[in-house]
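Read off the chains here:
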Amino acid sequence: MLIKRPVDIPASEITDPGIYAQRREFLRNSAGTALALAAGVAFPGLLASGGAQAAPLRFATGSALSTDEEPNSLKDITRYNNFYEFGTGKEDPARYAHSLRTDPWTVRVDGEVEKPADYQLEDLIKTSQLEERIYRLRCVEAWSMVIPWVGIPLATLIKRFQPTSRARFVEFTTLYDPEQMPGQRRAVLDWPYVEGLRMDEAVHPLTLLAVGLYGKVLPNQNGAPIRLVVPWKYGFKNVKSIVRIRFTETMPRTTWALAGPREYGFYANVNPEVDHPRWSQARERRIGEFFKRKTLMFNGYAEQVAGLYRGMDLRRWF
Ligand SMILES: Nc1nc2c(c(=O)[nH]1)N[C@H]1C(S)=C(S)[C@@H](COP(=O)(O)O)O[C@H]1N2
Ligand SMILES: [Mo]
């Protein structure tokens, strides 16, 4: 089965009927081997998020990289979140993230790169091919979800930005604005939230910059208007509401690794064999389920990513 759709939202609901019919036609003709296009009107107000009224996006479905597991409900995905900029409770982001203004949005690209600039997110989206990717997300707190993201493969943007030969890492920074992000008025973390990837991880085909989920613009609580998704790493690597992408020679100093260096490493690859100092990582609870399930090496993406870490001691580089 190559074409996978989130079941809760029929495609006819997020796509106008004419285009939906065309798409079915296309699927029949292509024998399911090509990517199919789901369409929507993306402009204006492309980035204006807002629950049920969120704008639809135009994107390709049916990625071979998607899982065929059942996605979590939109309700689970948008009401059980970690986004400390809006509070440390799982329900705080859904309650408070409406104060974030996501349109217009600028992403600064700088550091070891040939094309540094302040990019308008709307332009980046208009000129990119968006894809739906249904990925597992495994939080370091031992819960997991399946989320139908819509995003831009990070590799395609990195190609456009043209990192120099000195660039070995990519650093991502969340917006710092305590007025819009009330959680930043308290020193729970060293704001702004910073995450990073090694260059080969950043250009891996699984790595996505998500701008939507369930076919529509990202809800604020999920990291609108643009957030990182690296499905083989713990959830905290998936930095939200990104305003800066910096290419560096040295390993970025990341927020959680600074906050608890013995508990959170730079790599943070999902690994059931290396426990967190305070709890086991062997099992996880899929949100919405009662029984725990076994956590898989690299969150089940070992076939695609194990090669990136060949020869590395994963107990040391956790
Ligand atoms: N800026 C920022 N990004 C963040 C976080 C955060 O607190 N601030 N939490 C992380 C953690 S711990 C997880 S598990 C995921 C949760 O993403 P979701 O709420 O979309 O499921 O976001 C990550 N990205
Ligand atoms: Mo997390």
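In this text, all values refer to a predicted model and were calculated from it rather than measured experimentally.

Draft legend 1. Quick peek at the overall build of the protein. A tally of regular secondary structure across the protein gives 9 helices and 14 strands. For the protein, the residues scored as buried account for 55% of the 318 residues in total. For the protein, the share of sequence-separated contacts (at least 6 apart) that also reach a separation of at least 24 residues comes to 70%.

Draft legend 2. Structural detail: the site of ligand 1. In the neighbourhood of ligand 1, 15 residues make up the surrounding shell, with Asn81, Tyr84, Glu85, Asn238 and Lys240 lying closest. A distance of 2.8 Å separates an oxygen atom of ligand 1 from a polar atom in the side chain of Asn81. The side chain of Asn222 places a nitrogen or oxygen atom 3.0 Å from an oxygen atom of ligand 1. Contact with the protein chains hides 98% of the accessible area of ligand 1, taken as 530 Å² for the molecule alone.

Draft legend 3. The arrangement of the pairing of strand β3 (residues 106-111) in detail. The pairing of β3 with strand β4 (residues 117-120) spans 4 bridges and is classified as antiparallel. When the bridges of β4 are listed, Val109 appears paired with Ala117. In the sheet, β3 pairs with strand β12 (residues 242-248) via 4 bridges, with the strands oriented parallel. Looking at β12, one finds that Asp110 is bridged to Arg246.

Draft legend 4. Structural detail: a positive patch on the surface. Together, Arg283, Arg285, Lys292 and Lys294 make up a region of like positive charge exposed at the surface. Looking at where Lys292 falls in the secondary structure, it is placed in the loop between β13 (283-286) and β14 (293-294).

Draft legend 5. Region of the structure containing the environment of Tyr135. The topology assignment puts Tyr135 in strand β5 (residues 131-138). Accessibility expressed as a relative area gives 0% for Tyr135, which makes it buried. With 70 residues separating them along the chain, Tyr135 and Leu65 place their C-alpha atoms 8.1 Å apart. In contact with Tyr135, not counting residues within four places along its chain, are Leu65, Thr67, Met145, Val146, Ile147, Trp149, Pro205, Leu206, Leu208, Val229, Pro231 and Tyr301.

Draft legend 6. Structural view of the packing of aromatic side chains. Taken as a whole and judged by the stated rule, the model has 14 aromatic pairs. Between the aromatic rings of Tyr80 and Trp143, the centroid separation amounts to 5.1 Å while the plane-to-plane angle is 85°, which identifies the pairing as edge-to-face. Separated by 63 residues along the polypeptide, Tyr80 in the loop between α3 (74-79) and α4 (92-96) and Trp143 in strand β6 (residues 143-153) bring together distant segments of the chain. A residue is classified by how much of its surface remains accessible, and Trp143, at 9% relative accessible area, is buried. Chaining the aromatic ring pairs together yields one cluster made of Phe169, Phe266, Tyr267, Phe298, Tyr309 and Trp317. Positioned above the aromatic ring of Tyr301, the side-chain terminus of Arg136 is 4.6 Å from the ring centre. A cation sits over an aromatic face here: Lys237 above Phe266, 4.3 Å from the ring centre.

So, how was this worked out
- Residues numbered from 1 in each chain as written.
- Chains lettered and ligands numbered in written order.
- Predicted model: local features only at pLDDT ≥ 70, side-chain atom pairs only at ≥ 80, totals over all residues.
- Heavy atoms only, no water.
- Helix = DSSP H or I, 4+ residues; strand = E, 2+ residues; numbered from the N terminus.
- Buried < 20%, exposed > 50% of the residue type's maximum accessible area, 1.4 Å probe, protein only.
- Contact = heavy atoms within 4.5 Å.
- Near = heavy atom within 4 Å.
- Polar contact = N/O pair within 3.5 Å; in protein donor to acceptor, adjacent residues only side chain to side chain.
- Areas by Shrake-Rupley, 256 points an atom, 1.4 Å probe, with all protein chains shown as cover.
- Pairing = 2+ DSSP bridges.
- Patch = residues over 30% accessible without salt bridge, like charges linked within 9 Å, V, L, I, M, F, W, Y side chains within 5 Å.
- Salt bridge = Lys/Arg side-chain N within 4 Å of Asp/Glu carboxyl O.
- Lys, Arg positive; Asp, Glu negative; His and termini not counted.
- Charge placed at Lys NZ, Arg CZ, Asp CG, Glu CD.
- Phe/Tyr/Trp six-rings, centres within 6.5 Å; stacked < 30°, edge-to-face > 60°.
- Lys NZ or Arg CZ within 6 Å of the ring centre and 35° of its normal.

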